[in-house]
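# Architecture at a glance
Residue strings, one per chain:
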Amino acid sequence: MKELKLHKIELEKSFNPRSFEDRIYTQWQEQGAFKPQEGSGKPPYVMVIPPPNVTGMLHLGHGLNISLQDILIRFHRMRGVPVLWVPGTDHAGIATQNVVEKQLKAQGQNRHDLDREVLVQKTWEVKEGYHQIISRQIARMGASVDWSRERFTLDEGLSQAVREVFVSLYERNLLYKGNYLVNWCTSCGTALSDDEVDHEDMEGKIYHIRYPYASGDDAPGFIEVATTRPETMPGDTAVAVHPEDPRYQGLIGKSLLLPLTDRRIPVVADTYVDKAFGTGALKITPAHDPHDWEVAKRHALPVISILTPDGRLNDQVPEPYRGLTVKAAREAIVLDLKAGGFLVKEQVITHAVGHCYRCHTVIEPFLSEQWFVRMQPLAEKALAAWQRGELIFYPRKWENTYRHWLENIRDWCVSRQLWWGHRIPAWYCPSCGKTIVVRQDPSVCPYCGDERLKQDPDVLDTWFSSWLWPFSTLGWPGAALDEADKTNDFHRFYPTSALVTAYDIIFFWVSRMIMAGLEFTGKVPFRDIYIHGLLRDKQGRKMSKTLGNGLDPLELVDQFGADALKFTLAFLCAQGQDLLVDKESFKLGSKFANKIWNASRYILMNLENRSLVERPRFKPVDQWIYARLNRAAKTLTEAFLAYRFNDAATTAYDYFWNDFCDWYVEATKLSLRTGDDAEKDRATTVLLEVLAESLRLLHPLLPFITEAIYEQIPHTQGMLMTSSYPVYEEARNAPDTEQNFALLQELVRMVRTLRSECTIPPEKKISVLVRLSSSGASGLFLKENKELMQLLAGMGDITIEEPGPALTRPSGSIGLVGSGFEAFVYIAEAVDMEVLQRKFTKDIAKDRTFIAGLQSKLANEHFLKNAPPDLVQGEQVKLADALQRTEKLSAYIRDLFKDVPQTTPDQEPLP
């Protein structure tokens, strides 16, 4: 039964993503497509977005991360499971407060010129401004997040979670406060965890200094000590030597004079000292070196802190150096060491120096009272969960990194000397000296009743809220305690399904989330952990503001479209590898989207007066395309489930561009041009059905353009993004048809190539004689599809012969050999043979010159030694191709012009 007549549908002539992307995103949002669709009874698929910092606009690294997540979310949504993708942002303590402090500095102020509440309010204003920008960026990239569940790490619910965790850790004796050596940023004025310190190789100096024996202990003499930090000498409390070093056996327990001071310090024996390094004697400065701190604890040495929080020398040093910066103090002390005869020599070296991961200031080891989390008990649980197979890393190599970090973990310093962030819920009583850590703000001391409680001024590390992200965003702890309500988000959607993130925050975030999930919910927060690479420029350099090689994702969206951004990044995203990109890279996705648009436009503009047919019969070419679509659906599904984004994108590209556009759409032109109305209606119906299913196949990778086209197809209903993803069906396989069609494709390609080589005009038809290698269905298939081959390769008469005695090549023809056939193409009937001979001879001469140049280059030892391997390989491939091309043209000349010599007198035969 036929339906009403169709009319042609005119898509815009030129592909213009700006004309529909915002409209479609609003449509998705208004129709609730981003929210979990319940009722399927299937387990949900849940992800939480790694929350970007509210300190600026998103960069292309965020674009990669968001694009990959959106691909997975759309794929699983189309599989009919409830899908939740939670968006949100991070308050980014140090980074966000730095933005405000830079503004104050420009006005000649600092934060201490303001009340705490005023600075916090100014920081909220910064947050609100950047939050709007970030939300818009996420939407422009097409992220199908559930905006109704958006969270912020300082919102009320997450703040409750942070407080619950802090108090619980304290109650479980997993949180403590103490005076310890920490990493200190003198610019930010706060402690940092070990993971927040970036180490860089820098040029510096090592100074060899004499420490004289103290009077009365020994004859005049000294111990020579080497150090890179002479400015910390006023904080020295010992010199350490190895207990088995024969050079110092008689000095252990003796005293030395600390240069430039009036203090004596002992010589101690400790196995930490490497007796083979330098002089084998090590100055011990417990307050300013973590290793010295450990030595001091073993020998009960005093600890002298010589720095102020802003990085100047304090009153513990001799008066001339007080108030100096570290750099100025180093210069002054070195001059005085020289003048006093203490400096033996100085050498230029390169050594690793720690820097603040936010402001890049050199880190100072600093003695300070801080809050710490005991990490080993948490790490043991996280390690055991991985060993039980509850966590899977993609690629697996990151499991070694995870294991190594957990096995060597140190306690986590979680307090920060900032005002922006979660204020530490600890109060101190001035009367009894007790510390009160409670879930609700106390009004009086529970121990003595004093009302003069003072809250800890510090805030928690940003990562202290981030490590709770997978469950705090779903309503924990309140929702977790409500066992009667199994419909709340925590019970419905926790644990989440997968985490997608970059490898540079495995320590900061991934490992800690696993520890927190296990400690507070008893479950790992996700099973799959996909670790993608970093984006680099074409020279392999990490993208940064300093190098000026970064790319703005929204500029790319404006120029190429959101689909081009997403598809290109997926296409380039191979597991375990960084991505090398520049702006030109995104032309790949743009060209593919343009191909989809143009192919769809052609199909839709040819619907005039056509009717859709119920249950149309399939021709072999229809069976073939459905088999190819079926195979592509299987490959894409497997690739998405294994996080092989580049494999998925490559398969989608090859299927749509090659199978669908280049072969199937071209093949249907035979029916649409020469068939009767019934055949045209049948072909149109199948073509539209294949197009619709192909768009569903591509949707996770190119959501906007597929939705824009899908809504124009006459027989489709509802939105594409909530329709079903193509499922592999065994019944759709057609191996015989695929094999036969592959033979047809090979013959067509070979004839097309020959036409191009002989510059045969499109309007000229050429006759072809095909001799099959064996009898069977292939011959029948070719005979039944002669018209299709004539259409696809501009063939005229086609003669197909069954296997028989060897054929003599017909005069005026060129022989071609394929898999299962031999073909003779009658070139003479389509071209001027003399012109063709001259062309072939000219092409060979040109190739000979090219070959000679390549051979000379590849024989050059200097080139082979100094050129990059990929360049050498590229030249070798060019040479092989040129030799093959010349050999083929020479064969053509032998076949077509038997009486013409193969070389002219001044030419040597090719090797």
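Now for a description of the structure that goes with this document.

Conventions and cut-offs
Residues numbered from 1 in each chain as written. Predicted model: local features only at pLDDT ≥ 70, side-chain atom pairs only at ≥ 80, totals over all residues. Heavy atoms only, no water. Helix = DSSP H or I, 4+ residues; strand = E, 2+ residues; numbered from the N terminus. Rg over C-alpha atoms; globule rule 2.2 N^0.38 Å. Buried < 20%, exposed > 50% of the residue type's maximum accessible area, 1.4 Å probe, protein only. Contact = heavy atoms within 4.5 Å. Areas by Shrake-Rupley, 256 points an atom, 1.4 Å probe, with all protein chains shown as cover. Lys, Arg positive; Asp, Glu negative; His and termini not counted. Charge placed at Lys NZ, Arg CZ, Asp CG, Glu CD. Pairing = 2+ DSSP bridges. Axes fitted to C-alpha atoms, helices over the stretch in contact; angles between N-to-C directions. Salt bridge = Lys/Arg side-chain N within 4 Å of Asp/Glu carboxyl O. Phe/Tyr/Trp six-rings, centres within 6.5 Å; stacked < 30°, edge-to-face > 60°. Parallel < 35°, antiparallel > 145°, perpendicular 65-115°, else oblique. Nonpolar A, V, L, I, M, F, W, Y, C, P; charged D, E, K, R; others polar. Core = buried A, V, L, I, M, F, W, Y, C linked by side-chain atoms within 4.5 Å. Left-handed = near helix turned anticlockwise from the far one by under 90°.

### So, the overall build of the protein chain
Assigned secondary structure in the protein chain consists of 27 helices and 29 strands. Here the C-alpha atoms of the protein chain give a radius of gyration of 37 Å, more than 25% beyond the 29 Å that 2.2 N^0.38 yields for 911 residues. The principal-axis extents of the C-alpha atoms in the protein chain amount to approximately 115 × 80 × 55 Å. Among the 911 residues that make up the protein chain, the fraction classed as buried is 54%. Excluding contacts between residues fewer than 6 apart, the proportion of contacts in the protein chain whose partners are at least 24 apart in sequence is 77%. Accessible surface for the protein chain amounts to roughly 40,900 Å². Of this, 49% is attributable to carbon and sulfur atoms. Charge-centre separation for the protein chain: the mean point of 106 positive side chains lies 2 Å from the mean point of 119 negative side chains.

### Details of the sheet that holds strand β8 (residues 222–227)
Taken in spatial order, the three strands make up an open sheet running β8-β7-β13, and their pairing is antiparallel. The sheet is open, and its two edges are formed by β8 and β13 (343–356), each paired on a single side. In this sheet, adjacent strand axes meet at a mean angle of 20 degrees when their direction is disregarded. As defined by bridge partners, strand β7 (residues 197–212) adjoins β8 across six bridges and the pair is classed as antiparallel. What sits directly across from tyrosine 207, in β8, is threonine 227. Running over the sheet, helix α7 (residues 326–339) touches β7 and β13 and is turned about 165 degrees from β13.

### Focus: the pattern of salt bridges
Overall, the coordinates contain 59 salt bridges when judged by the stated rule. Here arginine 452 makes a salt bridge to aspartate 450, at a shortest N to O gap of 2.8 Å. Taking relative accessible area as the criterion, aspartate 450 reaches 12% and is therefore assigned buried. Across the salt bridge formed by glutamate 614 and arginine 615, the nearest N and O atoms sit 3.9 Å from each other. Its relative accessible area of 75% is what places arginine 615 among the exposed residues. Several salt bridges converge on common partners, so that one network encompasses Glu38, Asp146, Arg149, Asp489 and Arg492.

### Here we look at the sheet that holds strand β22 (residues 498–502)
Spatially, β15-β23-β22 is the arrangement adopted by the three strands of the open sheet, whose pairing is parallel. Sheet topology places β15 (392–394) and β22 at the edges, where each strand pairs with a single neighbour. Put simply, the sheet's adjacent strands are angled 20 degrees from each other on average, direction ignored. Note: β22 against strand β23 (residues 528–532), five bridges, orientation parallel. Paired with alanine 502 across the two strands is histidine 532, which belongs to β23. Strands in contact with helix α2 (residues 60–78) are β22 and β23; relative to β22, the strand with the most contacts, it is inclined by about 160 degrees. Here helix α14 (residues 506–521) sits on the sheet and contacts β22 and β23; the angle it forms with β22, its principal contact strand, is near 165 degrees.

### Thoughts on the packing of aromatic side chains
A ring pair, where both rings are aromatic, is described by two values, the distance of the centres and the angle of the planes. Going through the model one piece at a time under the given rule, you end up with 49 aromatic pairs. Their ring planes at 55 degrees and their centres at 6.3 Å tell us that tryptophan 28 and phenylalanine 34 sit as a pair that is tilted. Of the two residues, tryptophan 28 and phenylalanine 34, both sit in the buried class. Ring centres of phenylalanine 741 and phenylalanine 781 lie 6.4 Å apart, and the angle between their planes is 80 degrees; this geometry places the pair in the edge-to-face category. You can see phenylalanine 741 sitting in helix α22 (residues 735–757) and its partner phenylalanine 781 sitting in helix α23 (residues 777–784), a full 40 residues away along the chain. Accessibility expressed as a relative area gives 6% for phenylalanine 781, which makes it buried. In this structure an aromatic cluster arises from ring pairing among Phe166, Tyr170, Trp371, Trp412, Phe464, Trp467, Phe471, Trp476, Phe490, Tyr494 and Phe520.

### Let's talk about unusual backbone geometry
A cis amide bond links tyrosine 394 to the next residue, proline 395, at an omega of -5 degrees. Structurally, proline 395 is set in the loop between β15 and α9 (398–407). With an omega dihedral of 0 degrees, the bond running from tyrosine 494 to proline 495 counts as a cis peptide bond. Take proline 495: it is sitting in the loop between α13 (489–493) and β22. One non-glycine residue, asparagine 173, lies in the positive phi region at around 60 degrees.

### Re the packing of helix α15 (residues 553–560) against helix α16 (residues 562–572)
Between two packed helices, the angle of one axis relative to the other and the distance separating the axes together describe the packing. Between α15 and α16, the shortest axis-to-axis distance is 6 Å and the interhelical angle comes to 115 degrees. Taken as axis vectors, α15 and α16 run roughly perpendicular relative to one another. Between α15 and α16, the residues in contact are Pro553, Leu556, Val557 and Phe560 and Ala562, Ala564 and Leu565, respectively. Taken together, the residues of the contact of α15 with α16 sort by class into seven nonpolar, no polar and no charged.

### Description of the pairing of β7
Across 13 bridges, β7 lies against β13 in antiparallel orientation. Its bridge partner lying in β13, isoleucine 206 is registered against glutamine 347.

### Regarding the nonpolar core
By size, the foremost hydrophobic cluster in this structure holds 161 residues, and its most contacted members are Leu60, Phe656, Phe660 and Leu701. If you tally residues by element for this core, the top one is helix α19 (residues 645–674), at 13 residues. The residues touching phenylalanine 660, leaving out its near neighbours within four places in the chain, are Ile603, Ile625, Tyr655, Val665, Leu687, Val690, Leu691 and Ser694. One finds Val162, Leu378, Trp398 and Trp463 within the second-largest nonpolar core, a separate group that totals 72 residues.

### Let's talk about the packing of helix α20 (residues 677–698) against helix α21 (residues 703–710)
Between α20 and α21, the least distance of the axes is 9 Å, while the angle of their chain directions is 160 degrees. One finds that α20 runs roughly antiparallel with respect to α21. Considering how the two elements wind past one another, α20 and α21 form a crossing that is left-handed. Within the contact between the two elements, α20 uses Ala692, Leu695, Arg696 and Leu698 and α21 uses Thr706, Ile709 and Tyr710.

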